[in-house]
Amino acid sequence: MAHSLPIQYDFSLRDHNTFGVEASAHAYLPIASSVMLAEVKSDATLAAMPRLVLGGGSNILLTKDFPGLVLHMEIKGIEIVGEDEDATYVRAAAGENWHQFVQWTLQHNLGGLENLSLIPGSVGAAPIQNIGAYGIEIKDRFHSLTLFDFETGEQTTLDKAACMFGYRDSVFKHRLRDRAVVIDVTFALPKKWQAVIRYADVTQELAARKITQPTAQDISAAVIAIRTRKLPDPAVIGNAGSFFKNPVVTPSQRDTLLATYPQLVNYAQPDGSVKLAAGWLIDQCGWKGKTAGAAGVYENQALVLVNRGGASGAEIAQLAASIQVDVAQRFGVQLEPEPIFL
Ligand code: EPU
């Protein structure tokens, strides 16, 4: 079927992934409205291609050229869609930049997302891995989302339970992978706002600023300062934030490790499991600041892999594999990557 979609072929994705690695897409289509998704679905040739949905490209490692169709989500728009006594409901389109959206909510005096300031990426990508930082995850502020289902060709609304959020995890990494495209997300921002400042980094930063009763804006400013210090700016040095998830172990595994490594950084979870700081494990293995080819481990945070200039995705994947082997040998813990590999 003839179509008028503005597809580009053999398109470089270098500027569309925050690692800044070179890889090309067989076909590339910026999506400016949800109608375009239905048009892709109704075109037999396009619908048959492997698909990759791209937001800000901040959670992906491109290890080779992509032989299919990249859908780059560029749908824009933010609006307050309702309120009740508990919350104000704000809907943002998938193509909005996450940090700019958080700032929009704060400018409208809507607190709740401030701990998630400066996380790279787009609104549409945020639920996929249930982004989180400093004691808040997107699931804590999530109301619902609209998606386009490539299997049925329909738009559907999913509530929080249907998204099956977990630590850096959701239904979109499992049953709905390769099928659902997030169109917009609605957040419930609490009317009775309370500061979430139990993370030591945040408490210390606020204390340094002599702030005792922080507003949402104060917390946002503190988080921006912390992240700027600890994490590399992808516009300057290619990276995808934390490269590995913090591994979850049993209390008895923790106790065994503590016997040998009394400094082990660990956090008891509400469900009885224990999270270990992957950055600490990697640091202990001596990887912090190391370089392998053009890939490296960031100097200020061992959990972040960086492109020191001209690294290929395969090179970064190779470095990640070496780190996994070392951490497994030393601590008996398997690190799981956070970004999706392609
Ligand atoms: N640590 C080291 N050496 C390092 C890095 C960390 O010893 O090189 C230690 C730190 O001293 C600290 C502990 O490890 O005791 C944890 O480090 P940090 O507080 O920096 O947080 P994280 O566990 O490394 C997680 C998230 C971040 C999020 C922060 C704050 C994951 C995989 N990462 O990092 O999320 O911003 O907590 O909540 O859960 C991301 O997902 O991309 C991301 C940046």
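Conventions used here
The residue numbering used here restarts from 1 in each chain and proceeds along that chain's sequence as written. In keeping with the predicted nature of the model, local features appear solely for residues at pLDDT of at least 70, side-chain atom pairs appear and are counted solely at 80 or more, and the whole-chain, interface and lining totals rest on all residues. Side-chain numbers come from the whole structure's heavy atoms, not from hydrogens or water. Burial classes: relative accessible area under 20% of the type maximum marks a residue as buried, over 50% as exposed, and values in between as partly exposed (1.4 Å probe, protein chains only). Each helix corresponds to a stretch of at least 4 residues labelled H or I by DSSP, and each strand to a stretch of at least 2 residues labelled E; elements are numbered beginning at the N terminus. A pair of strands is labelled paired if DSSP reports no fewer than 2 bridges between them. Nearness is defined per residue: one heavy atom within 4 Å of the molecule or strand is enough. Polar contacts here mean pairs of N or O atoms no more than 3.5 Å apart (in protein, one a potential hydrogen donor and the other a potential acceptor; neighbouring residues in sequence count only if both atoms are side-chain atoms). Only the protein chains shown count as cover for residues, with accessible areas throughout obtained via the Shrake-Rupley method and a probe of 1.4 Å. A pairing counts as a salt bridge when a side-chain nitrogen of Lys or Arg comes within 4 Å of a carboxyl oxygen of Asp or Glu. Only heavy atoms enter the contact rule, under which two residues are in contact if any of them lie within 4.5 Å. Throughout, an axis means a line fitted to C-alpha atoms (over the contacting stretch in the case of helices), and angles, computed between N-to-C directions, take values from 0 to 180 degrees. Roughly parallel means an angle under 35 degrees; roughly antiparallel means over 145; roughly perpendicular covers 65 to 115; every other angle is labelled oblique. In this scheme, a crossing is called left-handed if the near helix is turned counterclockwise away from the far one by less than a right angle; it is called right-handed if the turn is clockwise. The classification used treats Ala, Val, Leu, Ile, Met, Phe, Trp, Tyr, Cys and Pro as nonpolar, Asp, Glu, Lys and Arg as charged, and all other residues, Gly among them, as polar.

**Student:** How would you summarise the pairing of strand E10 (residues 142-149) if you had to cite specific residues and measurements?
**Tutor:** Of all 8 residues in E10, 7 are buried, a share of seventy percent or more. The pairing of E10 with strand E12 (residues 180-190) spans 7 bridges and is classified as antiparallel. If you follow Leu 145 over to E12, its bridge partner there is Val 185. Note: E10 against strand E11 (residues 155-159), 5 bridges, orientation antiparallel. From the neighbouring strand, Leu 147 faces E11, where its bridge partner is Thr 156. In this antiparallel pair of consecutive strands, E10 and E11, the connection spans 5 residues, and Gly 153 shows a positive phi of 75°.

**Student:** How would you summarise the site of the ligand if you had to cite specific residues and measurements?
**Tutor:** Residues in contact with the ligand amount to 24 residues; listed here are only the nearest, Tyr 134, Tyr 167, Asp 283, Gln 301 and Ala 302. Arg 168 has a polar side-chain atom sitting 2.9 Å from an oxygen atom of the ligand. At a separation of 2.8 Å, an oxygen atom of the ligand approaches a polar side-chain atom of Asn 246. Protein burial of the ligand: of its 820 Å² of free accessible surface, 82% is covered by the chains. Counting residues per element, the ones that place at least two in the shell around the ligand are strand E8 (132-133), helix H6 (216-230), strand E13 (238-242) and helix H8 (278-284).

**Student:** Tell me about the pattern of salt bridges, and name the residues and values.
**Tutor:** Applying the stated rule across the entire model yields 13 salt bridges. When the shortest N-O distance is used, the salt bridge between Glu 137 and Lys 139 registers 3.5 Å. By relative accessible area, which is 15% here, Glu 137 ends up buried. Two residues, Arg 254 and Asp 255, come together in a salt bridge whose shortest N-O distance is 3.1 Å. Look at the salt bridges and you will find they share partners, linking Glu 137, Lys 139 and Asp 140 into a network.

**Student:** With reference to specific residues and values, describe the environment of Trp 104.
**Tutor:** Looking at where Trp 104 falls in the secondary structure, it is placed in helix H3 (residues 98-107). In this structure Trp 104 comes out as buried when scored by relative accessible area, which is 19%. Linking Trp 104 and Glu 79, residues 25 residues apart in sequence, is a C-alpha distance of 10.0 Å. Residues within four places of Trp 104 in sequence aside, it is in contact with Ile 78, Ile 80, Val 90 and Leu 110.

**Student:** Requested: an account of the environment of Glu 151, with residues and values cited.
**Tutor:** Among the secondary structure elements, Glu 151 is positioned in the loop between E10 and E11. For the pair Glu 151 and Asp 178, spaced 27 residues apart in the sequence, the C-alpha separation amounts to 9.4 Å. Discounting chain neighbours no more than four positions away, the residues touching Glu 151 are Lys 41 and Arg 179.

**Student:** Before we move on, can you summarise the sheet that holds strand E2 (residues 24-31) with the specific residues and values?
**Tutor:** Strand pairing in a sheet relies on backbone hydrogen bonds, with the paired strands running either antiparallel or parallel. Across the sheet, which stays open at both edges, the 4 strands sit in the order E1-E2-E5-E3 with mixed pairing between neighbours. Of all the strands in the sheet, just strand E1 (8-12) and strand E3 (51-54) have a single pairing partner and so form its edges. On average, each strand axis in the sheet is tilted by 40° relative to the strand beside it, whichever way the strands run. The pairing of E3 with strand E5 (residues 66-73) spans 4 bridges and is parallel. Paired with Arg 51 across the two strands is Leu 69, which belongs to E5. Strands E2 and E5 of the sheet are contacted by helix H1 (residues 34-41), whose axis makes an angle of about 135° with E2.

**Student:** Report on the packing of H3 against H6, specifying residues and quantitative values.
**Tutor:** For the pair H3 and H6, interaxial distance at closest approach is 10 Å and the crossing angle is 155°. Between H3 and H6, the interaxial angle falls into the category roughly antiparallel. As H3 runs across H6, the sense of the crossing is left-handed. For the pair H3 and H6, the contacting residues are His 99, Gln 103 and Leu 106 in the first and Ala 216, Gln 217, Ser 220 and Ile 224 in the second. Residue composition of the contact of H3 with H6, grouped by class: 3 nonpolar, 4 polar and no charged.

**Student:** Tell me about the pairing of E2, and please be specific about residues and values.
**Tutor:** By the criterion of burial, E2 is predominantly enclosed, with 7 of the 8 residues buried. As paired strands, E1 and E2 are joined by 4 bridges and run antiparallel to one another. Residue Phe 11 lies in a different strand from E2, and its bridge partner there is Ala 25. In this structure, E2 lies alongside E5, joined through 6 bridges in parallel fashion. Note on E5: the bridge partner recorded for Leu 29 is Leu 71.

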